[in-house]
Amino acid sequence: MLEADLIWLTILIFLPTATALTLLLVPARAAEVMRWLAVFGAAGTLSVSLCVVVGYYLLLDSRLDANGRPLYSAWTRLDARADQAASDAAQPIPKALLSDDWIARRPWIEDFDIYYALGVDGIGLSLVVLTALITLTALMASWNIEQGVRGYLILVLLLETGVIGAFLALDFFLFYVFYELMLIPMFVLIGLWGGERRRYAAFKFVVYTLTGSVAILAALLAWHTVDVRDFVDQAEVQQRVRELARERHLSESDVDNQVRIHTFDLVTLSKVGRAVMLILSGQEHRLAARDHIAEQPVWNQVPNGPVKLFAPGVDVAAAIARLKAQPVCTPSFQYLVFALLFVGFAVKVPVVPLHSWLPDAHVEAPTPISMILAGILLKLGGYGILRLAVPLCPWAAAQLSLWIGLIGVVGIVYGALVAMGQTDFKKLLAYSSVSHMGFVILGLAAWSSGGTAQYWQWGVNGAVFQMLAHGITASALFFVVGVVYDRAHHRDLRRMGGLWEPMPLYCGFSAVLFFASMGLPGLCGFVGEFFVLLSAWHFSPALAVPAVLSVILTAGYLLWTWLRVFTGVNEATASFADLTPREAATLLPYVVLAILLGVLPFTLVLKWVDPAVTGWIANLAVLR
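Residues numbered from 1 in each chain as written. Predicted model: local features only at pLDDT ≥ 70, side-chain atom pairs only at ≥ 80, totals over all residues. Heavy atoms only, no water.

### Details of the overall build of the chain
The helix and strand tally for the chain stands at 24 helices and four strands. Along the first, second and third principal axes, the C-alpha atoms of the chain reach 90 × 60 × 45 Å. Here the chain holds 624 residues, and the buried ones make up 63% of them. For the chain, the share of sequence-separated contacts (at least 6 apart) that also reach a separation of at least 24 residues comes to 79%. If you sum the accessible surface of the chain, you get close to 22,800 Å²; carbon and sulfur atoms cover 65% of it. Each charge class in the chain can be summarised by its mean position, and for the 40 positive and 44 negative side chains these summaries are 4 Å apart. (Helix = DSSP H or I, 4+ residues; strand = E, 2+ residues; numbered from the N terminus. Buried < 20%, exposed > 50% of the residue type's maximum accessible area, 1.4 Å probe, protein only. Contact = heavy atoms within 4.5 Å. Areas by Shrake-Rupley, 256 points an atom, 1.4 Å probe, with all protein chains shown as cover. Lys, Arg positive; Asp, Glu negative; His and termini not counted. Charge placed at Lys NZ, Arg CZ, Asp CG, Glu CD.)

### Things to note about the nonpolar core
Within the largest apolar cluster, 237 residues are counted, with the highest numbers of intra-cluster contacts made by Phe172, Trp223, Ile372 and Tyr506. Counting residues per element, this core draws most heavily on helix 19 (residues 453-488), which supplies 20 residues. Apart from residues no more than four positions distant in its own chain, Phe172 is found in contact with Ile216, Ala219, Leu220, Trp223, Phe264, Leu266, Leu269, Leu341, Leu388 and Leu392. One finds Leu78, Ile103, Ala117 and Leu170 within the second-largest nonpolar core, a separate group that totals seven residues. (Core = buried A, V, L, I, M, F, W, Y, C linked by side-chain atoms within 4.5 Å.)

### Let's talk about a nonpolar patch on the surface
Judged by side-chain polarity, Leu588, Val592, Ile595, Leu596, Val599, Leu600 and Leu604 come together as a nonpolar surface patch covering roughly 520 Å² of accessible area. Among the structural elements, Ile595 can be located in helix 23 (residues 581-599). What makes Ile595 partly exposed here is its relative accessible area of 36%. (Patch = residues over 30% accessible without salt bridge, like charges linked within 9 Å, V, L, I, M, F, W, Y side chains within 5 Å. Salt bridge = Lys/Arg side-chain N within 4 Å of Asp/Glu carboxyl O.)

### Observations regarding the pairing of strand 1 (residues 103-109)
Across six bridges, strand 1 lies against strand 2 (residues 114-119) in antiparallel orientation. When the bridges of strand 2 are listed, Arg106 appears paired with Tyr116. Remark: four residues form the turn of the hairpin made by strand 1 and strand 2, two consecutive strands paired antiparallel; Asp113 in that turn has positive phi of roughly 55°. (Pairing = 2+ DSSP bridges.)

### Quick notes on the domain arrangement of the chain
For the chain, the assigned domains read domain 1 (1-181), domain 2 (234-325) and domain 3 (332-621). Put simply, the middle of domain 1 and the middle of domain 3, counted by C-alpha atoms, are 24 Å apart. Facing the 38 residues of domain 1 at the interface are 44 residues of domain 3. The partner of Asp121 in a salt bridge is Arg387, and the shortest N-O contact between them spans 2.7 Å. Seen at the junction of domain 1 and domain 3, the total is eight residue pairs in polar contact (both at pLDDT 80 or more). Those elements giving two or more residues to the side of domain 1 that touches domain 3 turn out to be helix 2 (31-61), helix 3 (78-90), helix 4 (122-140), helix 5 (149-168) and helix 6 (172-181). When residues of the side of domain 1 that touches domain 3 are assigned to their parent elements, the largest contribution, 14 residues, is made by helix 4. (Domains from an automatic or database assignment. Polar contact = N/O pair within 3.5 Å; in protein donor to acceptor, adjacent residues only side chain to side chain.)

### Comments concerning the layout of surface pockets
Considering only enclosed or pocket space, the largest pocket measures out at about 920 Å³ in volume. Along the walls of the largest pocket sit 44 residues, with Ala89, Ala90, Arg105, Tyr115 and Glu236 positioned nearest its centre. Broken down by secondary-structure element, the contributors of at least two residues to the lining of the largest pocket are helix 3, strand 1 and helix 9 (234-248). The two domains that each donate at least three residues to the lining of the largest pocket are domain 1 (1-181) and domain 2 (234-325). The volume enclosed by the second largest pocket comes to roughly 550 Å³. (1 Å grid on protein atoms, 1.4 Å probe; cavity = no way out; pocket = protein on both sides within 12 Å on 5 of 7 lines; lining within 4 Å. Points joined across faces, edges and corners; volume = space filled by probe spheres on them.)

### Some thoughts on the packing of helix 1 (residues 4-23) against helix 2
For the pair helix 1 and helix 2, the least separation of the axes is 9 Å and the interaxial angle reads 180°. Relative to helix 2, helix 1 is oriented roughly antiparallel. Residue-level contacts link Trp8, Leu9, Ile11, Leu12, Leu15, Pro16, Thr19, Thr22 and Leu23 of helix 1 to Met34, Leu37, Ala38, Gly41, Gly44, Thr45, Val48, Ser49, Cys51 and Val52 of helix 2. A breakdown of the residues in the contact of helix 1 with helix 2 according to their chemical character gives 13 nonpolar, six polar and no charged. (Axes fitted to C-alpha atoms, helices over the stretch in contact; angles between N-to-C directions. Parallel < 35°, antiparallel > 145°, perpendicular 65-115°, else oblique. Nonpolar A, V, L, I, M, F, W, Y, C, P; charged D, E, K, R; others polar.)

### What to know about empty space enclosed by the protein
Within the structure shown, the criterion is met by seven cavities of 30 Å³ or more. In this structure, the largest cavity spans a volume of roughly 350 Å³. The wall of the largest cavity is formed by 26 residues, among which Leu78, Asp79, Arg387, Trp616 and Asn619 lie closest to the centre. Broken down by secondary-structure element, the contributors of at least two residues to the lining of the largest cavity are helix 2, helix 3, helix 11 (266-280), helix 15 (367-392) and helix 24 (601-621). Broken down by element, the lining of the largest cavity gets its largest block of residues, seven residues, from helix 24. Looking at side-chain class alone, the lining of the largest cavity contains 14 nonpolar, seven polar and five charged residues. Considered as a void within the structure, the second largest cavity measures approximately 70 Å³ in volume. For the second largest cavity, the full set of lining residues is Ile385, Val390, Ala397, Ser401, Ile404, Ile441, Leu444, Ala445 and Trp447. At the level of secondary structure, the elements contributing two or more residues to the lining of the second largest cavity comprise helix 15, helix 17 (401-420) and helix 18 (425-445).

Written out as C-alpha cells, the structure reads:
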C-alpha cells in the first residue's frame, strides 16, 4: 500500500505536468480556457504545497528534543528520517513504510542503485512554496501572451515540475534529472517568446547553464565511484554478500571483502564527506559507529568528542582503512569535486564572473519568464550549494570558506555598482539580483564551529531567508517593469517619470516592493541581510565591512530609480491607466508577503525552517 507522504509529494511534483498534459486536450481556439486551466493547476500545486507545510510542521511538533523543546527533536531531522527509511527497506523482511515521516523512497533503476527518493525539510519546502506562488502569479501575468499559448503554458508547467522535484530530491541522480528538466523549457521560453535579441540571449543562457550542468554531472559520476558500505545499514551489505556468494559459488567469508556498495543517496554521501573531513584534518580518532541507524549529532556535544558516522556494527578501524584507501579521501578529490559542484551551481546563482548571461536573459525574456528566472531559478544555485556542495565536500568548503565569502562580497558590491549605471529598468533589476544573491553566498561561507556555531546558524538562516525575500521582491519588481512596459512600450528610465499621479495604486504597491528590496527594517528584505551581516562580522570583519557599505549603494540606486520612474511631471505618461484587477491581483500577494515576512519572520518562516538549519549546522559544526 502506498504511504500518504509518497502520494502527497508525488502529486506536488507532477500536478503541473498533469495540468500540462490536460492542455493538450483543449481545442487550439480556446486560448482563454487554457489560461484558466493552467492557473487553476498552479493554484492546486500551491494548495498542495501548503498542505505539506502543515504536515511537516505537525511532524516537527510531534517529538521533543533532549531539553523538552518541540520542533527540534533529532529524530525529525531530514538525515535521521531518511536513514531510518533506508534501513527499514534494507531489512530481510522490509518494515512497514511510515506515512507521516515525509520521506518517500522507491527503487527506480536498481542496477545502479538509483531511487525515486524524496524528502521534506524546512529549507527545501520553503523554496517549494515560493516556487508554487511565483509560478501561479507568473501565469496570471501571462494573459498578454497571444502566440503559441498552449506551448507556452505547457513549458511553464513543466519547468515548475523540474524545480519542485529538484527541491525535494534526496537522490543525486534524481536531483540531476529534475535540475536538467528546467533547462530546455527556459531555453525555449526565452528563444520563442523573448525580445528582438531572444535567440542570442537564449543561446547564452543554455551555454552557461549547460556548462554548469556538465560540471555537476562530473561530480555526480565521481561520487558514484565511492564505496559506502560502512555508512549504510549492514543488512544491505549482508544481502549483497549473499548475492555475490551465490553468483560466484563461493562462501560468504570469501567474498565479504569484495563487496562494494555505490549510491547516489545524498544523505549517505554527506556522511562520507564528513568522515573524510575528519581524516584529512587529522581527527580520525573521533570517528565512531552509531548506536542506532538514525542517530544524529548533538548540537552542544563534548568538544572534540566522537562523531558517529559509520553504521551500527561496523568495525571502525577497518572502515577507516577502507575509506583512506579510496580517492575520495584525498585533498585533490575534495578540491576538484567541490570546485565542480560550486561552479556548477554558482552559474545559476549567479556569482561574478559567471553572471553575464543573466542581464541578457532578463532583458529579452517576457515579463512572466523574468519573474520565474529571478524568483525561482536563481534560488536553485544557492540551494545546490547548501544541499550538495558544502555537505558532500565539507573539508574543501571549510578550507576555501574565506575565498567563497570573498566571492559573495564581490558579487554584492559589483552588482550594486553596475546597477547604478543602468538605464534599462530590467537590466538594473538583473544586476540588483546579482548583488542580493551575493548575500546568500556570504551567509553560507561564514563557517564557524564549537561555541561560535550559532553565528554560522545565523548566516545560513539569513541565506535561506534572503532567497525567499529576494524571490518575492525580484519577481514582483519584474512584474512592475512589465506593467509600465505594456503602457510605455519601452524600459528606458530616462524617459519615464510622473507615474505617481495617473497610477496611484501601482505606485503604492511598487513603493512597498522597492523599499523591501532595499532592506528597509519592517519589510522582508531586511531580515535575511541582517542575519548574514551579523554572521559575517563574527566570521571576518574584513568581509563584513564592504557588505555593510553596499547597503548604501543599494539604497542609492533603488531610490534613484524610484525618483526617475514615479516622481515629476511627464506628459508622455499622464494618460497611463492604473492597475487592472488582474494586475492588482498579481501584485497583491507579493506586497502582503513583503510586509508580513518583515514583521513576523519567525512565526511565518523561521519557526519551521530553523529546525532544518539547526540540523544542518549540527552535522558540520562538530567537524572543526
